[in-house]
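Breakdown of the fold
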Amino acid sequence: MNDHHDKRAGVDASGSRRRNGFTLIELLVVIAIIGILAAMLLPALNKARQTAKKASCLNNVKQITLACIMYASDNDECLPFGATFSGDLTGSKTFITDAAADPYVQDIIAPQIANIQGHITQVFKCPNAQIIPTAADPNWLRETNSCDYRYNCYSASHDPNQFNLPSKGTAPGRRLSAVANPSAAILWADMVFYDWQPSYLPHDGINCGYVDGHAEWVPSQTYFSQITAGELWAKFWITGWH
């Protein structure tokens, strides 16, 4: 009996020709399957990425809010007297008197957040800040030295007896004991304005920090249903303060 086997490439012991690779059709099928899987996974990955940015932003807001409360504890229970951008200090939207040598809250509370990693450059930056097409500089929220969060300077600087008056607040800041409902009173929020489009908001809504120290996400619908041209004396900003 001859047990010799043909060793020629591509031929097995039975004389059948072996295939050494995929056919073109098989390769196209594999590529199509990969494409389908990618199309299914990419939205989930993008959603996870947005969720992570939202959580990082919420942590920033909470840290800044707690820094303000720490500041008040060291200053006769008075909240910081200042604003986070020049628009709240000058022009038609002047919500506080500009009597302080440095009226910017991010500088006032810097000692309270000095131990937070990347405090000055990172804790005031929203990782999902949007381009604002209607602004003079559409990229202003993405610039290194800009503050991406807005301080409720109107309510934080007004005496409770001046409820709903669009006059300038005066120093010092409001005392914590003068806040009617700290858990409902917004102290910080993602930078936002009443005349912005929903697409300008960074997380399909905004992260907010409250006078009692907690922080939470507020959906766009809630913000726009409570804001008016009154800006910082609209319902969204004054709820819980009086």
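Scope of this entry: the structure provided in the associated data block. All residue numbers refer to positions counted from 1 along the written sequence of the respective chain. Per-residue local features of the predicted model are confined to residues with pLDDT of at least 70, and side-chain atom pairs are confined, for both listing and counting, to 80 or more; whole-chain, interface and lining totals are unaffected and use all residues. To obtain the side-chain values, all non-hydrogen atoms of the structure were used and water was disregarded.

1. What about the overall build of the protein?
When helices and strands are tallied, the protein shows 6 helices and 4 strands. Going along the chain from the N terminus, every DSSP run of H or I of four or more residues is numbered as a helix, and every run of E of two or more is numbered as a strand. Reading the secondary structure of the protein in the N-to-C direction produces α-α-α-β-α-β-β-β-α-α. Each residue gets one of three labels from its accessible area relative to the maximum for its type: buried under 20%, exposed over 50%, partly exposed in between, using a 1.4 Å probe on protein chains only. Relative to its full complement of 242 residues, the protein shows a buried share of 40%. Working rule for contacts: check all heavy atoms of both residues, and any pair within 4.5 Å makes them a contact. Sequence separation of at least 24 residues holds for 62% of the intrachain contacts in the protein that already meet a minimum separation of 6. Here the open area of atoms and residues is found with the Shrake-Rupley method and a 1.4 Å probe, where only the protein chains shown may cover a residue. Accessible area of the protein: about 13,300 Å², with a carbon and sulfur share of 57%.

2. Considerations on the packing of aromatic side chains
The aromatic pairing rule takes the rings of Phe, Tyr and Trp, using the six-membered ring of Trp, and pairs them if the centres are within 6.5 Å, calling planes under 30 degrees apart stacked, those over 60 edge-to-face and the rest tilted. For the structure on display, the rule yields 10 aromatic pairs. Ring centres of Phe-85 and Phe-193 lie 5.4 Å apart, and the angle between their planes is 75 degrees; on these two criteria the pair is classed as edge-to-face. Of the two residues, Phe-85 sits in the loop between α1 (24-74) and α2 (105-108) while Phe-193 sits in the loop between β2 (186-190) and β3 (205-210), which places them 108 residues apart along the sequence. Assessed through its relative accessible area of 6%, Phe-193 is described here as buried.

3. A look at the pairing of β2
Burial of β2 is extensive: 5 of the 5 residues sit out of reach of the surface. A pair of strands is treated as paired once DSSP finds two or more bridges between them. Examined bridge by bridge, strand β1 (residues 149-151) and β2 share 3 bridges and lie antiparallel to one another. Opposite Tyr-149, over in β2, you have Asp-190 as the bridge partner. Note that β2 and β3 share 3 bridges and pair antiparallel. Looking across to β3, one finds that Trp-188 is bridged to Gly-209.

4. Things to note about the nonpolar core
Among the nonpolar cores identified, the biggest contains 57 residues, and Ile-109, Tyr-151, Leu-187, Trp-188, Trp-196, Ile-206 and Phe-236 are the most heavily contacted of them. Of all the secondary-structure elements, those providing two or more residues to this core are α1, α2, β1, α4 (153-157), β2, β3, β4 (215-219) and α6 (235-238). Residue contributions to this core peak at 7 residues, all from α1. The contact partners of Trp-196, leaving out residues within four places of it in the chain, are Ile-132, Trp-140, Leu-141, Met-191 and Phe-224. Only buried residues count toward a nonpolar core. Its members are Ala, Val, Leu, Ile, Met, Phe, Trp, Tyr and Cys residues joined through side-chain atoms within 4.5 Å.

5. Describing empty space enclosed by the protein
Think of a 1 Å grid over just the protein atoms. A cavity is a set of points where a 1.4 Å probe fits yet cannot get out, a pocket is an open set with protein on both sides within 12 Å along at least five of seven lines, and lining residues have an atom within 4 Å of a point. Grid points are joined across faces, edges and corners, and a volume is the space filled by probe spheres set on the points. Within this structure, the stated rule accounts for 1 cavity of 30 Å³ or more. The volume enclosed by the largest cavity comes to roughly 60 Å³. Basically, the charged four are Asp, Glu, Lys and Arg, the nonpolar ten are Ala, Val, Leu, Ile, Met, Phe, Trp, Tyr, Cys and Pro, and anything else, Gly included, counts as polar. Of the residues belonging to the lining of the largest cavity, the class tally is 6 nonpolar, 1 polar and 2 charged.

6. What to know about the side chain of Asp-148
In this structure, Asp-148 sits in the loop between α3 (119-122) and β1. Here Asp-148 falls in the buried class, since its relative accessible area comes to 2%. Polar contact is the term for a pair of N or O atoms within 3.5 Å; when the atoms are in protein, one must be able to donate a hydrogen and the other to accept it, and sequence-neighboring residues count only if both atoms are side-chain atoms. There is a polar contact of 2.9 Å between the side chain of Asp-148 and the backbone nitrogen of Cys-126. Not counting chain neighbours up to four residues away, the residues in contact with Asp-148 comprise Phe-124, Lys-125, Cys-126, Ala-129, Leu-141, Asp-190 and Met-191.

7. Some thoughts on the environment of Ala-135
With respect to the secondary-structure elements, Ala-135 resides in the loop between α3 and β1. Ala-135 sits 61 residues away from Trp-196 along the chain, and the two C-alpha atoms are 9.9 Å apart.

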